[in-house]
Amino acid sequence: MHLEILLLLPLLFRPHETIVVTGTYEPLSLDEIDRAVTVLPVRDQTQVFNSLADVLRQDPSIDVEARAPDGVQSDLSIRGSSYAQTLVLLNGMRLNDAQSGHHNMDIPVPLDAVTRVEVLEGSGSTMYGSDAVGGAINVITQPPETTELMLRTAVGNFGINEQQGSLSGALGSVTEQVSFSRDFSTGFIPDRDYRDLQLASTTHFASAWGSTDLTLAYMDHPFGADQFYGDYPSWEDTKTWFLGVQQAIGKKTTASFAYRRHSDLFVLIRDDPSVYTNHHHDESYQADLRRNEDLATNIELHYGVEALHESIVSNNLGDHSRSRAAAYAALDFRALRRFSLSIAAREEAYRVFSAEFCPTIAGGYWLSPHLKLRASVSRAFRVPSYTELYYEDPANIGNPNLRPERAWNYEAGLDWNPTSRWHGDLTVFERRERDDIDYYRPSPNDLWQAVNIDALNFTGVSTGLRFALSRSQTLDFRYSWLQGNENAIPIGETKYTFYYPVDSGVVAWQANLRSHFMLRTHLGVLDRRAEGAYALVDFDAAYTRGSVHPFLRLSNLANMSYEEVQGIVMPGRSIIGGLELVLRKK
């Protein structure tokens, strides 16, 4: 159980008030969670973060494999999982793309609409179904805390031009926030330009029935894709539409519905689209009904049903559709700050006569008021994407006979809280995968072919130490080690399986000074198995007094040459400066 606190300083002195909703069947305080969960605050930090990818880099257990800055075509890996084995959620609703996991991070809400990000490390299929093999990322929005108008603009090298804005307020029982974000860059090399437009509306309504939350969002994301999918000067444009509704029905029942549409226009040769062009449209509908019952003192029953329908229309992949339905139940035994035990199971049917049973057992025991032992065993699965099943291009070929991936996750950990100023944690884990899906080729002269790999095992350790230097300063040390079993691969090479970081560490310092300056320094060191080690140093500063807030973001200060995705170079040093205008109702 991790706690990354970079600005939400009051929580350092009241950690039990950090409420977590990811990986649990009801909101729980962070110190009562029996799984490895990281909370990354976002609200009030958007001056020093410009994308969710920047936020996620605070946790070394998460490998952000970006092809360009600002989250352009980023893949996520948790504990060495593939990019398709991480489930991305928006307020608990699925965002994963049926076409390809490369689009899972096409999250349409601007960063100013996000309150925090919760990261579940380890299998999450018992609660969320397919895809949560390595873990789950839950992007959470919440009602605005005040009536406010915010406008922000910034410029930087590489032709960077940014504008963001939001308007939020409350009228009786209704709160509303409308936000937008526009990022533009001419690129640090040819054919690596990008544009990013995000629009979102989040509405919260309280009634006698219970609270209602409505999210509407849109994203348009064209970018130069040189070398992204082979030795070609490519171009791509993805668009995302999202509608999500969550309704509380009394105190014990909640219902939700979400619709997501995604389009992907891919041009292999940017200056000559006639050579090879793909256009894909996929849609998903999801609905769930959840309920909890108090069976006795310290014993609760949680149960629910879910349904998901996905479809795609594509000139390359063809026209396909599939549906899944699931039911789950969980018994939770809990005596606060003494012990806890959760036994849960999910049955999910994803095609005729095919189903997956995913159980989880997780428990915790307080060895002392300051030391907690926790452990869990869980099972996960993932159905293949449409790209893995049906895609063909000059370098890659799909496989319609792929079997779903399956995995068992085992972990044990300790949480140490000797005082309100110190926090430490240690987690040891192992993931045993069967029928893992990756692209394989016997030699460099062959095409990449999607195949099932019989068996893969990943073993690792993650640990961290946080110290509050004062009420206004925090210092965080985090480290993750990972080792994969390579004996399962025949002669030849795979594209993604063993491109994981063996060692990854983060040192972060952040301060809110009495002079009204917010300062942040971040050092990330990563030793990727296939590339070697590199270090990235970032520094951010912002002035927070009054209505006008100047800020400065410096990335890759050492001008390091590095790759997060094999064969795709990342930019050197970047300097971005800007102004923020904030008008609040007093």
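Residues numbered from 1 in each chain as written. Predicted model: local features only at pLDDT ≥ 70, side-chain atom pairs only at ≥ 80, totals over all residues. Heavy atoms only, no water.

This next bit is on the nonpolar core. Counting residues in hydrophobic clusters, the biggest one holds 43 residues, and the most contacted among them are Leu56 and Val117. Every element with two or more residues in this core is listed here: α2 (52–56), β4 (62–65), β5 (75–78), β6 (86–90), β8 (116–121), β9 (135–140), β13 (194–206) and β14 (211–226). (Core = buried A, V, L, I, M, F, W, Y, C linked by side-chain atoms within 4.5 Å. Buried < 20%, exposed > 50% of the residue type's maximum accessible area, 1.4 Å probe, protein only. Helix = DSSP H or I, 4+ residues; strand = E, 2+ residues; numbered from the N terminus.)

Bringing the sheet that holds β8 into the picture now. In sheet architecture, strand pairing relies on hydrogen bonds along the backbone and comes in two forms, parallel and antiparallel. Spatial ordering of the open sheet is given by β3-β8-β9-β6-β7, a layout of 5 strands whose pairing is mixed. Where the open sheet ends on each side, the last strands, each with one partner, are β3 (36–41) and β7 (93–94). (Pairing = 2+ DSSP bridges.)

In this model, Asp191 sits at a positive phi of 60°, which is unusual for a non-glycine residue. The topology assignment puts Asp191 in the loop between β12 (174–185) and β13. Located in the positive-phi region is Gln227, a residue other than glycine, with phi close to 75°. Mapping Gln227 onto the fold places it in the loop between β14 and β15 (233–249). A relative accessible area of 28% means that Gln227 is categorised as partly exposed.

Residues Leu149, Leu151, Leu167, Phe180, Leu197, Leu199, Val548, Leu579, Leu581 and Leu583 make up a contiguous nonpolar surface patch of roughly 790 Å² in combined accessible area. It is strand β35 (residues 574–584) that provides the largest number of residues to the nonpolar patch, a total of 3 residues. The topology assignment puts Leu151 in strand β10 (residues 148–156). (Patch = residues over 30% accessible without salt bridge, like charges linked within 9 Å, V, L, I, M, F, W, Y side chains within 5 Å. Areas by Shrake-Rupley, 256 points an atom, 1.4 Å probe, with all protein chains shown as cover. Salt bridge = Lys/Arg side-chain N within 4 Å of Asp/Glu carboxyl O.)

Turning our eyes to something else, we now look at the packing of aromatic side chains. Tallied over the full model, the rule gives 15 aromatic pairs. Aromatic side chains Phe228 and Tyr229 sit 6.5 Å apart centroid to centroid with 75° between the ring planes, which places their arrangement in the edge-to-face category. You can call Phe228 buried: its relative accessible area is 6%. For Arg322, the ring lying beneath its charged end belongs to Tyr386, and the centroid distance is 4.5 Å. Above the face of the Tyr439 ring, Lys495 is positioned so that its terminal group lies 5.1 Å from the ring centre. (Phe/Tyr/Trp six-rings, centres within 6.5 Å; stacked < 30°, edge-to-face > 60°. Lys NZ or Arg CZ within 6 Å of the ring centre and 35° of its normal.)

Below, the discussion takes up the pattern of salt bridges. With the rule as written, the count across this model stands at 46 salt bridges. The shortest N-O distance in the salt bridge between Asp34 and Lys372 comes to 3.0 Å. Residue Asp34 is located in the loop between β2 (28–29) and β3, and its partner Lys372 is located in strand β22 (residues 371–382); the two are separated by 338 residues in the primary sequence. Residues Asp34 and Lys372 agree in their burial class; the two are buried.

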